[in-house]
Amino acid sequence: MSPDNLPKKRPSTTDINHFIDIGSKLPQRSTDKPICGGRLIFALDATASRQPSWDHACQLQGQMFMASDKLGGLQLQLCYYYGFHEFNHSPWLNDSHSLLGIMRNVQCAGGYTQLERVLDHSLTEHAAQPVHAVIIIGDAVEENIDKLCTKAAKLGMFGVPLFMFQEGFDPSVRQSFQHMARLSKGAYATFDDNSASELADLLSAVATFASGGYKALQRLHSTAARQLLQQLKK
């Protein structure tokens, strides 16, 4: 998708505020890995329920990304859904300025979740070139959970784990996210507005996993890494 086709207004969501915190923590490219590094899909729910904190996140993300001008050892694709059946994704990116520019052009809008489209897109991308992990951050599930779990299991069969991070504590969302993570051989975690550093550590751990695999994640000594390691299936 061309950046010219992206929405022109700025968005709102809690996720980017925390995601920016990991810019300087992303792993450096290992000398024994291919030049493309790991490939990570980062999918955000950009529906209206996530609007209130995005503007504040935009104020922070610029300075955070400028402090770290690269995604070491990582190619990242930003995906987001919002409004009436609107689903978009960026090109594959390996520098922070490009990612920041796209984030600033996302617009939150009311609508239902589109997790199935995220899963379908991830399967398509993996078929074209291997994807090493998919992060999904959201606060709702408004789709058929059986269909979502079937596609999550398919990703697991292809070796593409889902890292399902729930904002808030809705029990039905927790159950759905946990099922999807387990079937994909991935991991689940929850966070709220008071756990920004925790989410930043979780995202950094997933970036490490995507770049260097299970052994690289084992070498991290953070609580987040231990939390993911306990759930991941080698």
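Residues numbered from 1 in each chain as written. Predicted model: local features only at pLDDT ≥ 70, side-chain atom pairs only at ≥ 80, totals over all residues. Heavy atoms only, no water.

Applying the stated criterion across every chain, the model contains three salt bridges. Here E125 and R39 are joined by a salt bridge, their closest N and O atoms 3.9 Å apart. One end of the pair, E125, is in helix 4 (residues 115-128); the other, R39, is in strand 1 (residues 38-45), and 86 residues separate them in sequence. We note that E125, like R39, is buried. Ionic contacts of the salt-bridge type, sharing partners, join the residues E116, D120 and K151 into one network. (Salt bridge = Lys/Arg side-chain N within 4 Å of Asp/Glu carboxyl O. Helix = DSSP H or I, 4+ residues; strand = E, 2+ residues; numbered from the N terminus. Buried < 20%, exposed > 50% of the residue type's maximum accessible area, 1.4 Å probe, protein only.)

With that out of the way, let us pick up the nonpolar core. The nonpolar side chains of soluble globular proteins are, as a tendency, buried together. One finds L78, I135, I137, F163, F165 and L228 to be the most contacted residues of the largest nonpolar core, which totals 37 residues. Those elements that provide at least two residues to this core are strand 1, strand 2 (74-82), helix 3 (96-103), strand 4 (133-138), strand 5 (162-167), strand 6 (187-191), helix 7 (196-218) and helix 8 (223-231). By residue number, the principal contributor to this core is helix 7, which donates ten residues. Not counting residues up to four positions away in its chain, the partners in contact with F165 are I135, I136, I137, G138, F177, A189, F191, L199, L202, L203, V206 and L228. Judged by nonpolar contacts, the second largest core, of 25 residues, contains V134, A152, F177 and Y188. (Core = buried A, V, L, I, M, F, W, Y, C linked by side-chain atoms within 4.5 Å. Contact = heavy atoms within 4.5 Å.)

Time to look at the pairing of strand 2. Of all nine residues in strand 2, nine are buried, a share of seventy percent or more. The alternating pattern of strand 2 places L74, L76, L78, Y80 and Y82 and Q75, Q77, C79 and Y81 on opposite faces, both of which are buried. Two elements, strand 2 and strand 3 (residues 86-89), share four bridges in a ladder whose sense is antiparallel. Directly across from Y81, in strand 3, lies its bridge partner F87. Once strand 2 ends, the chain turns through three residues before running back antiparallel as strand 3, passing G83 with a positive phi of about 60°. (Pairing = 2+ DSSP bridges.)

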